[in-house]
4 protein chains.
Amino acid sequence: MTAYAHAFASDNSAGTTPEILDAVARASSGPAAAYGNDTISAEVRRRLCEMFERDVDVLFTSTGSAANSLCLAALTPPWGSVLCHRESHVNNDECGAPEFFTAGAKLIPLPGDDAKIDPDALRAAVRHKKGDVHSVEPSVVSISQATETGGVLSLDEIRVLGEITEEAGLRLHMDGARFAGAVAALGCTPAEMSWRAGVDLLSFGATKNGTMTADAIVVFDRSLTPELMFRAKRAGQLTSKMRFQAAQLDAYLTDELWLRNARHANAMAARLQNGLKAIPGVELVAAADANIIFCRLPHHVTDGLLAQGYAFYHDRWEPGVARLVTSFATAPEDVDGLLTAISALS
Amino acid sequence: MTAYAHAFASDNSAGTTPEILDAVARASSGPAAAYGNDTISAEVRRRLCEMFERDVDVLFTSTGSAANSLCLAALTPPWGSVLCHRESHVNNDECGAPEFFTAGAKLIPLPGDDAKIDPDALRAAVRHKKGDVHSVEPSVVSISQATETGGVLSLDEIRVLGEITEEAGLRLHMDGARFAGAVAALGCTPAEMSWRAGVDLLSFGATKNGTMTADAIVVFDRSLTPELMFRAKRAGQLTSKMRFQAAQLDAYLTDELWLRNARHANAMAARLQNGLKAIPGVELVAAADANIIFCRLPHHVTDGLLAQGYAFYHDRWEPGVARLVTSFATAPEDVDGLLTAISALS
Amino acid sequence: MTAYAHAFASDNSAGTTPEILDAVARASSGPAAAYGNDTISAEVRRRLCEMFERDVDVLFTSTGSAANSLCLAALTPPWGSVLCHRESHVNNDECGAPEFFTAGAKLIPLPGDDAKIDPDALRAAVRHKKGDVHSVEPSVVSISQATETGGVLSLDEIRVLGEITEEAGLRLHMDGARFAGAVAALGCTPAEMSWRAGVDLLSFGATKNGTMTADAIVVFDRSLTPELMFRAKRAGQLTSKMRFQAAQLDAYLTDELWLRNARHANAMAARLQNGLKAIPGVELVAAADANIIFCRLPHHVTDGLLAQGYAFYHDRWEPGVARLVTSFATAPEDVDGLLTAISALS
Amino acid sequence: MTAYAHAFASDNSAGTTPEILDAVARASSGPAAAYGNDTISAEVRRRLCEMFERDVDVLFTSTGSAANSLCLAALTPPWGSVLCHRESHVNNDECGAPEFFTAGAKLIPLPGDDAKIDPDALRAAVRHKKGDVHSVEPSVVSISQATETGGVLSLDEIRVLGEITEEAGLRLHMDGARFAGAVAALGCTPAEMSWRAGVDLLSFGATKNGTMTADAIVVFDRSLTPELMFRAKRAGQLTSKMRFQAAQLDAYLTDELWLRNARHANAMAARLQNGLKAIPGVELVAAADANIIFCRLPHHVTDGLLAQGYAFYHDRWEPGVARLVTSFATAPEDVDGLLTAISALS
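Residues numbered from 1 in each chain as written. Chains lettered and ligands numbered in written order. Predicted model: local features only at pLDDT ≥ 70, side-chain atom pairs only at ≥ 80, totals over all residues. Heavy atoms only, no water.

Bringing the relation of the copies chain D and chain C into the picture now. Each copy superposes on the other: chain D lies on chain C with an RMSD of 0.0 Å after a rotation of 180° and an axial shift of 0.0 Å. Both copies of the chain, as the preceding transformation shows, are related through a two-fold rotation axis. Closest approach to the rotation axis within chain D is made by the C-alpha atom of Ser62 of chain D, at a distance of 3.2 Å. A high fraction, 98%, of the interface residues of chain D reappear at the interface in chain C, so the copies pair face to face through one surface. (Least-squares fit on C-alpha atoms with pLDDT ≥ 70 in both. Contact = heavy atoms within 4.5 Å.)

Now the structure itself:
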């Protein structure tokens, strides 16, 4: 795995944590009821109710794509539309999974800085041809927190989008692929950043922040739970040995591991960002609110880093721009090593 | 987990094995490329090529339902039909997952003893309204090995079904939910029981026999791999941290753990079966070729066992009939304890 | 069109009537609003409200298959099941159209004499695994009136099925491909045979009884209308020049043309049936309540009729059995000619 | 139908022609084989082979939406993308019908003047993330001729798009909603404007130019015909009394009625356009190559026309812009009347 010795490509190149490994090992002792009727799955639900300060339901999924797509399918009819940012993961990076799960709903890409949906664009979109059978029906708004480009919506920004959504009679989904990082960045409560701002269904986003093979949907509008259960089974997402997914989430939720991991990832990004600012020729090109940094690097620097085994995406968004992502597993010396390497190459 | 202290409900109530837990823990060290571009995923593919004595491709899935449904979707157009046994898992126990993944293909339930498709019924079905646009088009045959009722098709039986399928120009899928158990029962090679008998795509079925959150599709017709890759991503089955699924399979395939587990489960079923035969009032009602036993128990025996905390399905297929399933995790003393309990109650 | 000179193959081999042709010609004069916003479409709705003695909505479709599939899609979620007779048109003769429109719901074939669903089988089916996420959810019952084999359910028979459906919380669809013929046979009102017996959505079935390119859905549960409108547009069923479909239905509903046509078809079938009874060697094998007759013919008779240019289906249901269908366009002399031919050949 | 006395809203507000009504009436005499096995359907195919100077297959549809969606479904897998203009009918005006028929393929909206796809944008789009399972796969290009805003692509423009499509290994669909009008405008042959330029499947677009309830798909890549046949049946588009659709097309193709109708519609648009140019305060805002005119009208003129019973769309694309559409049924005096009305109001 040499190529990943210096890994800044994605937070999904990180492994997991000892707490989670231990929990999985403990979960294996003895038989257990299948399909979520085990005690660990129940415990995860209890912990999420506590975390979100209200009754919630939880469904485990194997990927964030499955979580997103199941949520969207429960919130729009096939003839509906999903209003999302044009840079969003659901729109660009899931191979049409939302279209598959929804039986062909249409994703309407909206503009906005920092991959945040522009409120005015949303105001127009929620009304666009509403009730006109010649057009898909605006049905659900999907926001990403943190966004695809590393921005974090403020509570006010979420509330504004939530109010536009609610006033228009649409539903609100949050793709929380980096939910923990956003909570850490805002210093708010999970409740404030989700249902209190109008979110109906949340893709919880545990994988990038520590779990291995388990993600989850948190259901605030619990009237949707039966439908989600059928949809999940039908999508091959109802695991028989669910305790092993539950154990991962259980450890993730214990003693705020989720928050500690996220804070660490954010701190490493801040350390990296601060270091980059001091290097001549390097330019930060987006607000790095959480653990994703976009910066402009001279081509010979990029080439030099790659030659040294650094892994990161570059020249993908625009020429000369690199994306650097930290995670709970990034060590301070990894960051410092990268900064030293860039300085030396500059 | 008291209710599962004496677990004979399903092989999915078992946990996992130390080898698999160790492999998962080892896989967590350091960063790794995501989405299957890691070294462990490559190693699993190498091991499966070795096991099946030919080039194969492999896709990891989170459930057997996902494996089955992806395979069927790659083997039938939406206007096609899936010929399967009326007792099969794909037909009865997946909430229409095959219909979802295939975009609405139709499952045609066929008769046959021991949940094995009757060859004559298949001969008629593969020709039924072939080419008639008013009817769904016979497209793929799906066989389960072992069957839903615990029977194991002989190599000859598979070959006959495979030949009917091939002669009619249809494709062959094997639901190998208990593939290892069937190999152990037949004493044949995995190749003989799959592609040598005509199987195009195999649901590998590791979960019931030891893994935690990982199953797999083994692709014999490798021209289907690109399509399967797109379908898997689109179905939310492409995990980012795939190394953690791969690690489970890697350990499962190392030193024939899969075969040792299966042999143990079968041996426990044989031990149980032999013991049951000796108990007056208990009647075996199906051939228990692998690790599933169907037997007729007096009602007071069933009630007594349940009162003692035994877990098993009963009165679901027909009144008075119980299903007892062993697994790699069943200990001889578990079996003996059950036999003693039944004897005492009889 | 020699092969159809003596047409008893299907009521869909008939053309149309002068009243309908005239209405279509009249409808062409001058411009009209598209997509159903024309005056003729409104008039058809008014006529159907009158005919059914209540407020109904109407959607035009180009085929009965489209009508059936749209109705079913509005009455079941994708994870639901459609309980229907195993001989029904939706199950056997629509190439999976219901599966397509419902996004993969499952059709559950039920037994029953004369292609009528057996009430006891329905009682079991409506409860089967209800609420169990491993199985499709019983959601809608679809009955055919008249049935695929020419039987007509009595009002009591419909009511019994309707009550089972309603008590179980399911919805009721009627495939009225031969609705008019059944009304004529029972001598009841359209209301009695539909919504008063519990029908939520009706495939009206005009094509076989006189129209050319227009069929319709009659909506009794009008809360389903918006969804049906979106589904119809999305399925390519919302015609721009809808007045030309409406004109056909308008004429069909004027001066009870629908009932006159149906009575004539039934009378021709009765005439044929009576004649057949008198011919030695010919055996009637099903109750011919409307315009479809199943009879056993000696093979040389079948061969002789075909040689004379008679068109009808034979040896399709069982060897030696022929199906003879009359229509509004069948003349008494056509029937008498056929009887003479059979007699001469016998 | 007062509101449509002065109809410039759409070419679909026109009725049909005497030739077509006569053909339909003639088609009704006597029985005929159903589902396209009649002689008139065969004759239409023969005529289309002649018109297109090669072997083609034909499928009748009830709407252009159905034709478009069936074509696209045959040309892209569910995980594929449809590259189309952002103003195209398939993208905006069919309520997601393409998404429904394709089982969830994604429409990628491309820019370009006059609703013509910009070749450079297409060059980028056909390569975009090709082969990357995280993204939908570029699969089919759909062009509209004439375009949604009334422009007509030149043969060179079509060829350029066709070559980009072919070189990238994608397929080409033409939405010919106004195919006849475009042929008339270019003065070319139907072959030149379709398969000779690379078109695989054509939505023939007869409804707007004269037929009532019949449209058609013309199949140039005949290997797609069996799939299209199954898809059409499954979509409820296979009519039993197909002769009545065929008769409309038969008359439409006889003695170049299609071309005469289209030339007339174009001539009326030219007459209108010339008249508008001479009226101060009226500004033409797009090239009116066929029968659609976009012009800027003062608001009091728009209001005045509406008050006089004129029907047309306005203020829908941008404030102050009106769309005026002529058809085969538009009379010179209708045009002159409108011009006089506008002059008087200006």
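Residues and elements named next belong to chain A. Taken in spatial order, the four strands make up an open sheet running E9-E10-E13-E12, and their pairing is antiparallel. Across the chains shown, the open sheet's two edge strands, defined by having one partner strand only, are strand E9 (283-284) and strand E12 (313-314). Bridge count for E12 against strand E13 (residues 321-325) is two bridges, and the pairing is antiparallel. By the bridge assignment for E13, His314 is matched with Ala322. (Pairing = 2+ DSSP bridges. Helix = DSSP H or I, 4+ residues; strand = E, 2+ residues; numbered from the N terminus.)

Here we take up the domain arrangement of chain A. Residue and element names in this part refer to chain A. Domain parsing of chain A yields domain 1 (4-14 + 257-345) and domain 2 (18-256). Computed over C-alpha atoms only, the centres of domain 1 and domain 2 are separated by 27 Å. Facing 17 residues of domain 1, the contacting portion of domain 2 comprises 26 residues. Looking only at domain 1, the three residues that lose the most surface to domain 2 are Leu257, Trp258 and Asp289, adding up to 37% of its buried area. Among the ionic pairs, Asp11 bridges to Arg178, the shortest N-O distance being 2.8 Å. (Domains from an automatic or database assignment. Buried area = accessible area lost by both parts, 1.4 Å probe. Salt bridge = Lys/Arg side-chain N within 4 Å of Asp/Glu carboxyl O.)

So, on to the packing of aromatic side chains. Evaluation of the coordinates by the stated rule reveals 46 aromatic pairs over all chains. Ring geometry for Phe179 of chain A versus Phe204 of chain A: centroids 6.0 Å apart, planes at 45°, classification tilted. One end of the pair, Phe179 of chain A, is in helix H8 (residues 179-186); the other, Phe204 of chain A, is in the loop between strand E7 (201-203) and strand E8 (215-219), and 25 residues separate them in sequence. With respect to burial, Phe179 of chain A and Phe204 of chain A carry one shared label: buried. Centre to centre, the rings of Tyr313 of chain A and Trp317 of chain A are 6.5 Å apart; their planes meet at 85°, and the pair counts as edge-to-face. Residue classification places Trp317 of chain A among the partly exposed positions, given a relative accessible area of 36%. Members of the aromatic cluster, connected to one another through ring pairs, are Phe52, Phe179, Phe204, Phe220 and Tyr252 of chain A. Across from the ring centre of Tyr313 of chain C, 4.7 Å away, lies the NZ or CZ of Arg316 of chain C, which sits over that ring. (Phe/Tyr/Trp six-rings, centres within 6.5 Å; stacked < 30°, edge-to-face > 60°. Buried < 20%, exposed > 50% of the residue type's maximum accessible area, 1.4 Å probe, protein only. Lys NZ or Arg CZ within 6 Å of the ring centre and 35° of its normal.)

Next up on the list: the sheet that holds strand E5 (residues 137-144) of chain A. All names here are of chain A. Here we have seven strands laid out as an open sheet, ordered E2-E8-E7-E6-E5-E3-E4, and mixed in their pairing. The open sheet has two edge strands, strand E2 (57-61) and strand E4 (106-110), and neither has a second partner. Going from strand to strand, the sheet's axes swing by 25° on average, the running direction of each strand aside. Here strand E3 (residues 80-85) pairs with E4 via five bridges, running parallel. Note that in E4 the partner of Val82 across the bridge is Leu107. (Axes fitted to C-alpha atoms, helices over the stretch in contact; angles between N-to-C directions.)

Looking now at the state of the cysteines. Tallied over the entire structure, the rule returns zero disulfides over all chains. Free of any disulfide, Cys84 of chain C has its nearest cysteine sulfur in Cys71 of chain C, 14 Å distant. (Disulfide = S-S within 2.5 Å.)

What follows concerns helix H6 (residues 119-127) of chain B. Residues and elements named next belong to chain B. All of the buried residues in H6 are Ala121, Leu122, Ala125 and Val126. Along the axis of H6, the buried residues cluster in a sector spanning 125°; they form a single face. Those residues of H6 that are exposed and aimed more than 90 degrees away from the buried face are Asp120 and Arg127. Buried residues along H6 sit against strand E3 (80-85), strand E4 (106-110), strand E5 (137-144) and helix H7 (155-167). One or two residues past the end of H6 sits Lys129, with phi positive at roughly 50°. (Arc of directions from axis to C-beta.)

Once that is clear, we can look at the relation of the copies chain A and chain B. The two copies are related by a screw operation: chain A maps onto chain B through 180° of rotation and 0.0 Å of translation along the axis, at an RMSD of 0.0 Å. When the interface residues of chain A are mapped onto chain B, 100% of them are again interface residues, pointing to one common binding face.

Turning our attention to a negative patch on the surface. Residue and element names in this part refer to chain A. On the surface, Glu19, Asp22, Asp255 and Glu256 cluster together to form a negatively charged patch. Tracing the chain through its elements places Glu19 in helix H1 (residues 18-27). Here Glu19 falls in the partly exposed class, since its relative accessible area comes to 34%. (Patch = residues over 30% accessible without salt bridge, like charges linked within 9 Å, V, L, I, M, F, W, Y side chains within 5 Å. Areas by Shrake-Rupley, 256 points an atom, 1.4 Å probe, with all protein chains shown as cover. Lys, Arg positive; Asp, Glu negative; His and termini not counted. Charge placed at Lys NZ, Arg CZ, Asp CG, Glu CD.)

Let's shift gears to the interface of chain A and chain B. Taken residue by residue, the interface counts 52 residues in chain A and 53 residues in chain B. There are zero salt bridges connecting chain A and chain B. Our enumeration of links across chain A and chain B arrives at 26 residue pairs in polar contact (both at pLDDT 80 or more). Those elements giving two or more residues to the side of chain A that touches chain B turn out to be H1, helix H3 (64-75), helix H5 (97-101), helix H9 (225-234) and helix H10 (243-253) of chain A. Of the residues belonging to the side of chain A that touches chain B, the class tally is 24 nonpolar, 21 polar and seven charged. (Polar contact = N/O pair within 3.5 Å; in protein donor to acceptor, adjacent residues only side chain to side chain. Nonpolar A, V, L, I, M, F, W, Y, C, P; charged D, E, K, R; others polar.)

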